[in-house]
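Each chain, letter by letter, is given below.
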Amino acid sequence: MRYNPYNQQGEYDHLNVQKAQPLLEFLLENVQQSRSKIKATLQGQGIKVNGKTVTQFDYMLQPGMKVAVSKTKRNQRMFKSRYVKIVYEDRWIIVVEKNIGILSMAAGHSSLNVKSVLDDYFKKSGQKCRAHVVHRLDRDTSGLMVYAKDMDTEQILEHEWHDLVYDRRYVAVVSGEMEQDQGTVANWLKDNKAYVTYSSPVDNGGKYAVTHFFVLDRTTDHSLVEFKLETGRKNQIRVHSADMGHPVCGDVKYGNGDDPLHRLCLHAFLLCLTHPVTHERMEFETPIPTVFRQLFK
């Protein structure tokens with residue numbers, strides 16, 4: 001199933017009414033939830049009949065009416081953060097889109113991180129769980145991330161990550177006009193003592209890394225490139241872009257000083273995974289950041 005956080009349609013389950021009956025009775029028959037949960041959804045304005053929000057449980061339905069049941073909990077609608085947007089949530093996982101300028105998890109004294117924002121949200125919404133980190137994005141990379149809500153799910157995701165995550169894609173603005181329309185970069189990546197990742201065409205004791213790229217747009221100054229990761233190594237896209245002679249714009253570590261948008265121009269826009277518990281195939285996608293596109297107008 002494909003989830004798009006910008007497509008509000010995806011937040012509702014749509015049901016058709018076959019016979020005249022009260023709304024609560026209909027919901028109990030057609031929605032796999034407890035009575036208390038259904039009543040909470042009603043009170044939280046999460047039910048629509050023919051497009052209008054209805055809160056009274058004895059509202060009489062007629063054949064041919066359409067009922068929409070919100071998949072997002074009321075507390076999720078109350079969630080507000082300028083750094084984090086909730087894309088999907090169930091009892092095992094939470095998928096978010098993170099902004100630039102926030103770490104994936106705490107490091108040293110830095111308090112601003114996605115994990116603590118989510119832990120705070122869980123606490124305020126009365127959920128007895130914590131956010132467990134299963135992968136990371138750099139502070140200045142934006143895009144999609146998944147967190148587990150319990151240790152068992154975290155273990156499944158951690159140990160079976162490469163089997164469960166079947167597609168991960170990023171989009172980047174890189175410096176200069178790319179010569180090839182598509183291709184693959186493969187080499188070994190290793191950190192030096194200063195924690196700078198460097199590449200080698202031969203095995204240097206590091207980790208083998210494979211990145212596929214597709215050029216989406218270009219000008220004489222910049223190229224808009226989609227990257228598909230076959231391996232998920234630290235700083236992989238940033239190092240491989242620099243290897244091609246077209247570093248990611250705004251990259252202070254591996255770049256060439258080209259910084260048109262005053263940010264690292266890297267965004268994780270697609271995350272496809274098999275749910276670690278329900279085994280449903282799920283696809284999450286966010287649009288390419290508008291600021292990236294504007295460079296190619």
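Residues numbered from 1 in each chain as written. Predicted model: local features only at pLDDT ≥ 70, side-chain atom pairs only at ≥ 80, totals over all residues. Heavy atoms only, no water.

Enquirer: Whenever I open this one, the overall build of the chain confuses me. Can you help?
Expert: Assigned secondary structure in the chain consists of 8 helices and 18 strands. Principal axes of the C-alpha set define a box for the chain whose edges measure 70 × 40 × 30 Å. Within the chain, the proportion of its 297 residues that are buried is 47%. Nonlocal contacts in the chain, meaning residues at least 24 apart in sequence, comprise 62% of its contacts between residues at least 6 apart. Total accessible area on the chain stands at roughly 15700 Å², and carbon and sulfur atoms take up 49% of it. (Helix = DSSP H or I, 4+ residues; strand = E, 2+ residues; numbered from the N terminus. Buried < 20%, exposed > 50% of the residue type's maximum accessible area, 1.4 Å probe, protein only. Contact = heavy atoms within 4.5 Å. Areas by Shrake-Rupley, 256 points an atom, 1.4 Å probe, with all protein chains shown as cover.)

Enquirer: How should helix α2 (residues 35-43) be read in this particular structure?
Expert: Given 3.6 residues to a turn, an α-helix orients residues that are three or four positions apart in the same direction. Within the span of α2, buried status applies to Ile38, Thr41 and Leu42. Angular distribution of buried residues about the axis of α2 spans 100 degrees; they occupy a single face of the element. Across α2 from its buried face, at more than 90 degrees, point the exposed residues Ser36 and Gln43. Those residues of α2 hidden inside the fold are in contact with α1 (23-30), β4 (47-49) and β7 (66-70). (Arc of directions from axis to C-beta.)

Enquirer: Before we go on, may I ask you to explain the nonpolar core in this structure?
Expert: Looking at soluble globular proteins, one finds that nonpolar side chains tend to be buried together. Within the largest apolar cluster, 43 residues are counted, with the highest numbers of intra-cluster contacts made by Ile94, Val96, Leu118, Tyr147, Tyr170, Phe227 and Val248. Of all elements in the fold, only β8 (84-89), β9 (93-98), α4 (114-124), β11 (142-148), β12 (165-175), β15 (207-218), β16 (222-229) and β17 (266-274) reach the threshold of two or more residues within this core. Ignoring sequence-local partners within four residues, the contact set of Val248 consists of Ala172, Val173, Val174, Ile237, Arg238, Ser241, Gly255, Leu264, Cys265 and Leu266. Among the nonpolar cores identified, the runner-up in size contains 17 residues, and Val87, Val95, Ala148 and Leu157 belong to it. (Core = buried A, V, L, I, M, F, W, Y, C linked by side-chain atoms within 4.5 Å.)

Enquirer: Teacher, can you tell me more about the state of the cysteines here?
Expert: Here a disulfide denotes a covalent bond joining the sulfur atom of one cysteine to the sulfur atom of another. Taken as a whole, this structure holds 0 disulfides when the rule is applied. Cys249 forms no disulfide, and the closest cysteine sulfur to it belongs to Cys265, at a distance of 5.2 Å. (Disulfide = S-S within 2.5 Å.)

Enquirer: Looking at this structure, I do not really get the pairing of β9. What am I missing?
Expert: On any regular strand, side chains alternate: one points to one face of the sheet, the next to the other face. Judged by how many residues are buried, β9 sits mostly within the fold: 6 of 6 residues are covered. Of the two faces of β9, the one holding Ile93, Val95 and Glu97 and the one holding Ile94, Val96 and Lys98 are both buried throughout. Pairing between β8 and β9: 5 bridges, direction antiparallel. Paired with Tyr88 across the strands is Val95, a residue of β9. Hairpin connection from β8 to β9: 3 residues lie between these consecutive antiparallel strands. The pairing of β9 with β11 spans 6 bridges and is antiparallel. In the sheet register, Lys98 faces β11, and the bridge partner there is Gly143. (Pairing = 2+ DSSP bridges.)

Enquirer: Looking at this structure, I do not really get the pattern of salt bridges. What am I missing?
Expert: Where side chains of opposite charge bring their charged atoms close, a pairing between them can arise. Under the criterion given, the structure shown has 11 salt bridges. Its salt-bridge partner being Arg130, residue Asp119 comes within 3.4 Å of it at the nearest N-O pair. Remark: Arg130 occurs in the loop between α4 and β10 (132-133) and Asp119 occurs in helix α4; sequence separation between them is 11 residues. Because the salt bridges share partners, they merge into one network encompassing Lys115, Asp119 and Arg130. (Salt bridge = Lys/Arg side-chain N within 4 Å of Asp/Glu carboxyl O.)

Enquirer: Which parts of the structure should I look at to understand the sheet that holds β7?
Expert: Two strands in a sheet stick together by hydrogen bonds in their backbones, pointing the same way (parallel) or opposite ways (antiparallel). Spatially, β2-β7-β4-β5 is the arrangement adopted by the 4 strands of the open sheet, whose pairing is antiparallel. The sheet terminates laterally at β2 (12-16) and β5 (52-53), the two strands that pair on one side only. Two strands pair when backbone bridges link them, and β4 and β5 are joined in this way by 2 bridges, in the antiparallel orientation. Bridging across to β5, Val49 finds its partner in Lys52.

Without other data, these values stay purely geometric and don't point to any function.
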